[in-house]
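A structural walkthrough
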Amino acid sequence: MGFMDDLKDALARGKEAADNYRERELAAEEGEGAAAPDTLSSQPKSGSPLAQQTRTEADPNAPFGFVVKNEDPILVPDPVTGGEVKFNLLANGRAQMTDPSQYEGQDYKAVLQQTVLETVTAQLNDRNFMPNPNDLKTIMMASNRMVPIVTDALSQKGFKVMFKMLNVTKAV
């Protein structure tokens, strides 16, 4: 019964470690004069990991997530039929500013979203980039080819970007 003996020993060591931890926490509370030795306070102490995890302010150098979704469809002229084709855009990913002082006092996420929308709209309206906006294969290839173009446009504005998804679909 080696397994059961090992399990009992491990449980006993775990109980002993938990008791020692509780005694250290109670001794620290007594030293601070915050609580009685028999009670634990509900607020995290200043040295505890919970107190260290709370953020007060967003770091401008930290990467941030973004989502770009157009409210109005992007209208693209169809060279074959002469009509217009409507497209929706959905893009999300992570970005980081290379120079946060460049957008100090501005909504940098709005700048990022506007740049993505403008770049995608310009590419969809380019007949050389999108020769047939009604063809599903052309739309899928255009979505894939847009990622490096939009990434380059954002890097010129001071953003490092990694897209999880950049998807252009035909609006119904």
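Residues numbered from 1 in each chain as written. Predicted model: local features only at pLDDT ≥ 70, side-chain atom pairs only at ≥ 80, totals over all residues. Heavy atoms only, no water.

The subject of this paragraph is the pairing of strand E3 (residues 84-97). The side-chain alternation of E3 yields one buried face, formed by Val85, Phe87, Leu89, Ala91, Gly93, Ala95 and Met97, and one unburied face, formed by Glu84, Lys86, Asn88, Leu90, Asn92, Arg94 and Gln96. As defined by bridge partners, strand E1 (residues 64-69) adjoins E3 across 6 bridges and the pair is classed as antiparallel. Its bridge partner being in E3, Val68 is matched across the sheet by Ala91. (Buried < 20%, exposed > 50% of the residue type's maximum accessible area, 1.4 Å probe, protein only. Helix = DSSP H or I, 4+ residues; strand = E, 2+ residues; numbered from the N terminus. Pairing = 2+ DSSP bridges.)

For helix H3 (residues 108-125), built from 18 residues, the straight-helix expectation of 26 Å at 1.5 Å per residue is met to within 8% by its first-to-last C-alpha distance of 26 Å. All of the buried residues along H3 are Val111, Leu112, Thr115, Val116, Thr119, Val120, Gln123 and Leu124. Where H3 is buried, its residues touch E1, strand E2 (74-77), E3, helix H4 (136-156) and strand E4 (159-170). (Expected span 1.5 Å × (residues − 1). Contact = heavy atoms within 4.5 Å.)

Time to look at the nonpolar core. Ranked by size, the top nonpolar core spans 29 residues in total, and within it Phe87, Leu112, Val120, Leu124 and Phe159 carry the most contacts. Elements that contribute at least two residues to this core include exactly E1, E2, E3, H3, H4 and E4. Sort the elements by how many residues they give to this core and E3 lands first, with 6 residues. (Core = buried A, V, L, I, M, F, W, Y, C linked by side-chain atoms within 4.5 Å.)

Okay, the environment of Ala110 next. Inspection of the secondary structure assignment puts Ala110 in helix H3. Note: C-alpha distance between Ala110 and Val68 (42 residues apart in sequence) is 9.5 Å.

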